[in-house]
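# Commentary on secondary and tertiary structure
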Amino acid sequence: MAALRDGEVLRGPRPAGEARRGIRWRLLLVWLLRLLSVVWIGKGLYHWAMILGLGLWLEPGPAFEARPLTFQAITVYFAVFDLVAGVGLWLTATWGGVLWLLAAVSQLLLGFFFPRWLTLSPALIGTYVALMLAYFLATWAAENQDT
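The sections below set out a description of the structure shown in this document. (Residues numbered from 1 in each chain as written. Predicted model: local features only at pLDDT ≥ 70, side-chain atom pairs only at ≥ 80, totals over all residues. Heavy atoms only, no water.)

## Considering the overall build of the protein
Quick note on the threshold: Strands here are runs of E lasting at least two residues and helices are runs of H or I lasting at least four, both read from the DSSP assignment and numbered beginning at the N terminus. Note on exposure labels: buried denotes an accessible area under 20% of the residue type's maximum, exposed denotes more than 50%, and partly exposed covers the range between, all computed with a 1.4 Å probe on protein chains only. Two residues qualify as a contact provided that any one of their heavy atoms is within 4.5 Å of a heavy atom in the partner residue. Areas reported here follow the Shrake-Rupley algorithm with a probe of radius 1.4 Å; residue values treat only the protein chains shown as occluding.
Of regular secondary structure, the protein possesses five helices and zero strands. Along the chain direction, N to C, the helices and strands of the protein fall in the order α-α-α-α-α. Classification of the 147 residues of the protein by burial places 31% in the buried group. Of the contacts made within the protein by residues no fewer than 6 positions apart, 65% connect residues no fewer than 24 positions apart. Carbon and sulfur atoms make up 71% of the accessible area of the protein, which totals about 9,800 Å².

In structure tokens:
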């Protein structure tokens, strides 16, 4: 007797010639994670450019060392956290998704509590919420997809 795959216990085995139809959620999840990875690595590099003084043409103002300690702490936090989360997303590791969620939620919370140092627009908030929902939906669908 051949071993049954997940889901075949209730539905029965698939006939030999029947092709799978529908969305390939695992592939979609990998593409979503890779796209998020590129964006988050770019965000991390942007913060490093601010720290190293290369970002003054992007965001004019005083040098990084002359800025308030709150701005420096937020910038260093995201310089490290965004890059690590981006690498984890690229590797499609579970810890990458967790770090990305933590980075996104912390950016939303810091923007809410420190609007002077980290401004959030309604479009950015909506984008983050939509990305988080898409991540949860794709992860759930990939895990529950018949193989």
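Now, onward.
## Topic: the layout of surface pockets
Note the threshold: Each cavity reported here is a set of points on a 1 Å grid over the protein atoms alone in which a 1.4 Å probe fits but cannot get out, each pocket an open set with protein on both sides within 12 Å along at least five of seven lines, and each lining residue one with an atom within 4 Å of a point. Grid points are joined across faces, edges and corners, and a volume is the space filled by probe spheres set on the points. Amino acids are sorted into nonpolar (Ala, Val, Leu, Ile, Met, Phe, Trp, Tyr, Cys and Pro), charged (Asp, Glu, Lys and Arg) and polar (every other residue, Gly among them).
In this model, the largest pocket occupies a volume close to 300 Å³. Taken together, 15 residues form the lining of the largest pocket, with E59, F71, W117, L118 and T119 sitting closest to its centre. Those elements that provide at least two residues to the lining of the largest pocket are α2 (25–52) and α3 (69–90). Looking at side-chain class alone, the lining of the largest pocket contains eight nonpolar, four polar and three charged residues.

## Description of the packing of α2 against helix α4 (residues 94–113)
In a packed pair of helices, the relevant descriptors are the angle between the two axes and the axis-to-axis distance. Put simply, the rule is: Axis definition: a line fitted to C-alpha atoms, limited for helices to the stretch in contact. Angles are taken between N-to-C directions and run from 0 to 180 degrees. By definition in this entry, angles of less than 35 degrees are roughly parallel, angles greater than 145 are roughly antiparallel, angles of 65 to 115 are roughly perpendicular, and the rest are oblique. Should the near helix be turned anticlockwise from the far one by less than a right angle, the crossing is termed left-handed; should it be turned clockwise, right-handed.
Packing of α2 against α4 brings their axes to within 12 Å, and their N-to-C directions diverge by 55°. One finds that α2 runs oblique with respect to α4. Taken as a pair, α2 and α4 cross one another with a handedness that is left-handed. Contacts between α2 and α4 involve L36, W40 and K43 from the former and W100, A103, A104 and Q107 from the latter. Here the contact of α2 with α4 is built from residues that sort into five nonpolar, one polar and one charged.

## Topic: the side chain of K43
Quick reminder of the rule: As used in this structure description, the phrase polar contact means that two N or O atoms lie within 3.5 Å; if the pair is within protein, one of them must be able to donate a hydrogen and the other to accept it, and residues adjacent in sequence are counted only when both atoms belong to side chains.
With respect to the helices and strands, the residue K43 is situated in helix α2. Taking relative accessible area as the criterion, K43 reaches 18% and is therefore assigned buried. At a separation of 2.7 Å, a polar atom in the side chain of K43 contacts the side chain of Q107.

## Section: a nonpolar patch on the surface
Heads up, the condition is: To count toward a patch, a residue needs a relative accessible area above 30% and no salt bridge. Like charges then connect within 9 Å, nonpolar side chains (Val, Leu, Ile, Met, Phe, Trp, Tyr) within 5 Å. Think of a salt bridge as a Lys or Arg side-chain nitrogen and an Asp or Glu carboxyl oxygen that are within 4 Å of each other.
Among the surface-exposed residues, V38, W48, L52, L54, V76, V80, V84, V87, W90, L91 and W95 lie close enough to one another that they form a single nonpolar patch of about 1,000 Å² accessible area. Residue assignment for the nonpolar patch shows that the elements contributing at least two residues are α2 and α3. It is α3 that provides the largest number of residues to the nonpolar patch, a total of five residues. Structurally, W48 can be placed in helix α2.

Distances and angles like these do not, on their own, reveal function.
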